[in-house]
Amino acid sequence: MRITVLAGGIGAARFLRGLIAQAPEAEITVIGNTGDDLTLYGLRVSPDLDTVMYTLGGGNDEAKGWGRADESWNALAEIQAYDATPSWFGLGDRDIGTHLVRTALLDEGRTLSEATAALTARWNLPVRLVPMTDQRVETHVVVEDPDQPDGRRRLHFQEYWVRHHAELPVVDVWFDGIETSEPAPGVLDAIGSADLLLLPPSNPVVSIGPILAVPGVRDAVLAAPAPVVGLSPIVGGAPVRGMADKLLPAIGVDTSAAGVAMHFGGRRSGGLLDGWLVDERDADAVPRIEQAGIAARALPLLMTDVPAAAAMARATLDLAEEVRR
């Protein structure tokens, strides 16, 4: 079986561990979000790609869900001692090694796809990890700022999330550079040749949204013969992790399992989804979702450990088989 996954960071990485446990023989391609990417101190940082790489490679910090295990912070302490900005972004010493290598490869003329392949080779991943695009795309958020002439200010998503802790009111979300981007090599083929397309529990606005916004990707998903099944990142009216509840209203989407399902839409009516899994606390949303032509099931969706993630993956595979029939 060939499975293609459109992936963000922590939630997607943890779900992928369960998927690998349930489908060890599957050929899994992970299309990673690069909208979170940014440049700090001359280093190109790809947070979502690295989270997937570290998690599946066994090198991530399990407590935080991101970054390297057994990390030290000497370089960041020196940056802060110089009172340099943006010292608000935590670059650990081990993590800096990854960014140094990526940046060097890019400076040599390698594409982000080639740099990602070189980095993941070290970790012997059980999946193929590819970026959504080789072009630079950055997710920015427009926030309210009474000190600005028009009352608004645009920030890189990481500054909004890490520095300001998602406390600033969001007016809009913008994918800078998306219009001139192209799907990275292998992306469209992985979508078109898949036996199953999955949207794991990732932020629908800033994790899945940028991938689908790359010209040609949404159309490829719409045209794909494989079933498309997703898992709600909203449980009981709130995100399991992150700040989706701060961003969904900015794009006019209700912060609920059904609201996100309606945002993606059913394939029968020009949307993306054939199936959608919600948490058991949101079981009352199943009829509404199914009325939109999306097969829906309710079950526990908290990835407390790998077995829990594997159970979610099993339910996803089962639902895909149902909609395929």
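Preceding this section is the structure that the text describes.
Calculation rules
- Residues numbered from 1 in each chain as written.
- Predicted model: local features only at pLDDT ≥ 70, side-chain atom pairs only at ≥ 80, totals over all residues.
- Heavy atoms only, no water.
- Helix = DSSP H or I, 4+ residues; strand = E, 2+ residues; numbered from the N terminus.
- Buried < 20%, exposed > 50% of the residue type's maximum accessible area, 1.4 Å probe, protein only.
- Contact = heavy atoms within 4.5 Å.
- Areas by Shrake-Rupley, 256 points an atom, 1.4 Å probe, with all protein chains shown as cover.
- Lys, Arg positive; Asp, Glu negative; His and termini not counted.
- Charge placed at Lys NZ, Arg CZ, Asp CG, Glu CD.
- Pairing = 2+ DSSP bridges.
- Right-handed = clockwise from strand over helix to strand, strands pointing away.
- Axes fitted to C-alpha atoms, helices over the stretch in contact; angles between N-to-C directions.
- Parallel < 35°, antiparallel > 145°, perpendicular 65-115°, else oblique.
- Left-handed = near helix turned anticlockwise from the far one by under 90°.
- Nonpolar A, V, L, I, M, F, W, Y, C, P; charged D, E, K, R; others polar.
- 1 Å grid on protein atoms, 1.4 Å probe; cavity = no way out; pocket = protein on both sides within 12 Å on 5 of 7 lines; lining within 4 Å.
- Points joined across faces, edges and corners; volume = space filled by probe spheres on them.

(A) Structural detail: the overall build of the chain. Of regular secondary structure, the chain possesses 13 helices and 14 strands. Seen through its C-alpha atoms, the chain measures out along the principal axes to roughly 60 × 50 × 35 Å. In the chain, which comprises 325 residues, the share counted as buried stands at 57%. Put simply, 69% of the contacts in the chain that link residues at least 6 apart link residues at least 24 apart. When the accessible area of the chain is evaluated, it comes to approximately 13,600 Å², of which 49% is carbon and sulfur surface. Taken together, the 27 basic and 44 acidic charged side chains of the chain have centroids lying 3 Å from each other.

(B) Molecular detail of the pairing of strand β1 (residues 2-7). Summarising burial for β1: five of the six residues are buried, a large majority. Of the pairings in the sheet, the one linking β1 to strand β2 (residues 27-32) comprises six bridges and is parallel in character. What sits directly across from alanine 7, in β2, is glycine 32. Tracing the backbone out of β1, into helix α1 (residues 10-22) and back to the parallel element β2 gives a crossover that is right-handed. When β1 meets strand β9 (residues 196-199), the two strands line up parallel, connected through three bridges. Following the sheet pairing, isoleucine 3 is matched in β9 by leucine 196.

(C) Representation of the environment of glycine 275. Structurally, glycine 275 can be placed in strand β13 (residues 275-279). The spatial distance from the C-alpha of glycine 275 to the C-alpha of threonine 316 is 8.5 Å, given a sequence separation of 41 residues. When neighbours within four sequence positions are excluded, glycine 275 is seen to be in contact with Val228, Val229, Gly230, Ile294, Ala295 and Leu319.

(D) Focus on unusual backbone geometry. Despite not being glycine, asparagine 124 shows a phi value in the positive range, around 55°. With respect to the secondary-structure elements, asparagine 124 resides in the loop between α5 (112-123) and β5 (128-131). The backbone of alanine 166 shows a phi angle near 55°, a positive value even though the residue is not glycine. Note on placement: alanine 166 falls in the loop between α6 (157-163) and β8 (170-176).

(E) Up close: the sheet that holds β5. Read from one edge of the open sheet, seven strands run β5-β2-β1-β9-β10-β13-β14, paired in parallel fashion. This sheet does not close on itself; its edge strands, each paired only once, are β5 and β14 (295-299). Across the sheet, the axes of successive neighbouring strands diverge by a mean angle of 20°, strand direction being ignored. Alignment of β9 against strand β10 (residues 228-231), held across three bridges, turns out to be parallel. Bridge pairing in β10 links leucine 199 to glycine 230.

(F) Expanded view of the packing of helix α4 (residues 93-107) against α5. Axis separation between α4 and α5 bottoms out at 9 Å; the angle between their running directions is 140°. Here α4 lies oblique to α5, going by the angle between them. For α4 against α5, the interelement crossing comes out right-handed. In this structure, α4 uses Thr98, Val101, Arg102, Leu105 and Leu106 to contact α5, whose residues at the interface are Leu112, Ala115, Ala118 and Leu119. Split into classes, the residues belonging to the contact of α4 with α5 amount to seven nonpolar, one polar and one charged.

(G) Spatial organisation of the packing of helix α2 (residues 47-57) against α5. Relative to each other, α2 and α5 sit at 20°, their axes nearing to 10 Å. In this view, α2 runs roughly parallel relative to α5, as classed from their interaxial angle. Read as a crossing pair, α2 and α5 show a hand that is right-handed. Taking contact as the criterion, the partners of Leu49, Met53, Tyr54 and Gly57 in α2 are, on α5, Leu112, Thr116, Leu119, Thr120 and Trp123. Broken down by class, the residue content of the contact of α2 with α5 amounts to six nonpolar, three polar and no charged.

(H) Molecular detail of the layout of surface pockets. As a volume, the largest pocket reaches approximately 930 Å³. Around the largest pocket sit 40 residues that line it, and Gly9, Ile10, Trp66, Trp161 and Arg241 are the ones nearest its centre. Secondary-structure elements contributing two or more residues to the lining of the largest pocket are α1, α2, α4 and α6. Ranked by the residues each element gives to the lining of the largest pocket, the list is headed by α2, at five residues. Of the residues contributing to the lining of the largest pocket, the split by class is 21 nonpolar, 13 polar and six charged. A volume near 170 Å³ is recorded for the second largest pocket. In terms of lining, the second largest pocket is formed by Val173, Phe175, Pro204, Val205, Gly209, Leu212, Ala213, Arg218, Ile251, His263 and Phe264. Mapped onto the lining of the second largest pocket, the elements with two or more residues apiece are β8, α8 (208-213) and α11 (257-264). A total of three residues in the lining of the second largest pocket trace back to one element, the largest contributor, which is α8. Grouping the amino acids of the lining of the second largest pocket by side-chain chemistry returns eight nonpolar, two polar and one charged.

Functional significance is not addressed by these values, which are geometric in nature.
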